[in-house]
Amino acid sequence: MIVSTSVYTLQQILTNNSQGIHFIPTMGALHQGHLELIRQAKKTPGLIICSIFVNPKQFNDHIDLLYYPRTLASDIRLLKQNGCDILFLPDAKEIYPENQPDYIDIQSFGLENVFEGAFRPGHFKGMLQVVSRLLSIVNPSVLFMGQKDYQQQLLVRYLLEQRFPNIRMVMVPTVRESNGLAMSSRNERLSTKTRELAGLIYEQLLEISKNLPSDEIEINVQEAKNKIQNAGFDVEYLEIVNASDLSLKNIVNPDDHILICCALQIEGVRLIDNILWPPSHIN
Ligand code: AMP
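Throughout this description, residue numbers start from 1 for each chain and increase along the sequence as written. Restriction of local features to residues with pLDDT of at least 70 applies here, the model being predicted, together with a cutoff of 80 or more for giving and counting side-chain atom pairs; totals for whole chains, interfaces and linings are based on all residues. To obtain the side-chain values, all non-hydrogen atoms of the structure were used and water was disregarded.

A. Region of the structure containing the sheet that holds strand β8 (residues 258–266). Judged by pairing direction, the sheet is antiparallel, and its 3 strands sit side by side in the order β7-β8-β9 without closing on themselves. The outermost strands of the open sheet, each flanked by one partner alone, are β7 (234–242) and β9 (269–277). The average undirected angle you get between the axes of adjacent strands in this sheet is 10°. At least two bridges found by DSSP between two strands is the condition for calling them paired. In this description a helix means any DSSP run of H or I spanning at least four residues, a strand means any run of E spanning at least two, and both kinds are numbered starting from the N terminus. Pairing of β8 with β9 involves 9 bridges; the strand directions are antiparallel. Axis definition: a line fitted to C-alpha atoms, limited for helices to the stretch in contact. Angles are taken between N-to-C directions and run from 0 to 180 degrees.

B. Inspection of the packing of aromatic side chains at higher detail. When two rings of Phe, Tyr or Trp (its six-membered ring) have centres within 6.5 Å they constitute a pair, described as stacked for plane angles under 30 degrees, edge-to-face for angles over 60, and tilted for the intermediate range. Per the counting criterion, the structure on display carries 5 aromatic pairs. With a centroid separation of 5.3 Å and 55° between ring planes, the pair formed by phenylalanine 109 and tyrosine 158 is classed as tilted. Note that phenylalanine 109 is positioned in the loop between α5 (92–95) and α6 (116–119) and tyrosine 158 in helix α8 (residues 150–163), a separation of 49 residues in sequence. Exposure categories follow from relative accessible area, calculated using a 1.4 Å probe and restricted to protein chains: below 20% of the type maximum is buried, above 50% is exposed, and the middle band is partly exposed. A residue is classified by how much of its surface remains accessible, and phenylalanine 109, at 57% relative accessible area, is exposed. Connected via pairs of aromatic rings, a cluster forms that spans Phe115, Phe119 and Tyr237. The cationic tip of lysine 57 hangs over the ring face of tyrosine 96; the distance from NZ or CZ to the ring centre is 4.4 Å. In this arrangement the basic side chain of arginine 176 is found over the ring face of tyrosine 202, its NZ or CZ atom lying 3.7 Å from the centre. We count a charge as sitting over a ring when the NZ of a lysine or the CZ of an arginine lies within 6 Å of the ring centre and within 35 degrees of the ring normal.

Worth remembering: the numbers are spatial, not functional.
Written as structure tokens, this is what we have:
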């Protein structure tokens, strides 16, 4: 595996490349969720490029940025073992040279301001800025992103449509710990007891989905919220929405494509999760 820390070297390496590029941007502290993106990318021929950059601009909470796990030695070992060809490991000066625009103006139909956008002001602005910059540098043919960050991948789809129409997006289903908790770099910061208890989140998302289709979704959602809340989690949101635009649903019909999504906090750690319904409409 080649490790490149500068845009110049990376682009030198890529000058003679004739294969398609499969790109997986990350913030490091790699776990099986990230590695699954590589495994999916390796299913078709192409050069696998992963990036690790903890993007300060997408953290609205400086404590979260301060405590974000950084495990570079282990990340490099995992990337090598899993067949990554090139690791792009830039610093902030490479990603944000002085001439970079600090706002990527895309039409997102309000998607930037709901759910994650509402609870983490500025997060998506920073995310779009870094993804856009990385795509301009790497120029991939396929971009791999996780379903765990569903709203992020929807916004990135708009970014691709409007700014990078030649790049295709593949969304990879969420990889979970054995109790169902969605894998996340932030899980490392949970106590053992809470990490076990957090299996309840996925369990309750599934519980809601079992009652669908339904015209009484509010009752089901409220019950699930209460169970999660009573276990000590501070629920920021738990909603049933249209999978295509995240608009709220009051009734779920048999032919709807919906997302059940939530965000909560415990022990100073913010967790997000979601499931699609019906499960078979994952692309
Ligand atoms: P991050 O390092 O958290 O920015 O994540 C990098 C990429 O990995 C994003 O596209 C995430 O959606 C994806 N990802 C993170 N956790 C998981 C998971 N548990 N399952 C699948 N993809 C994930």
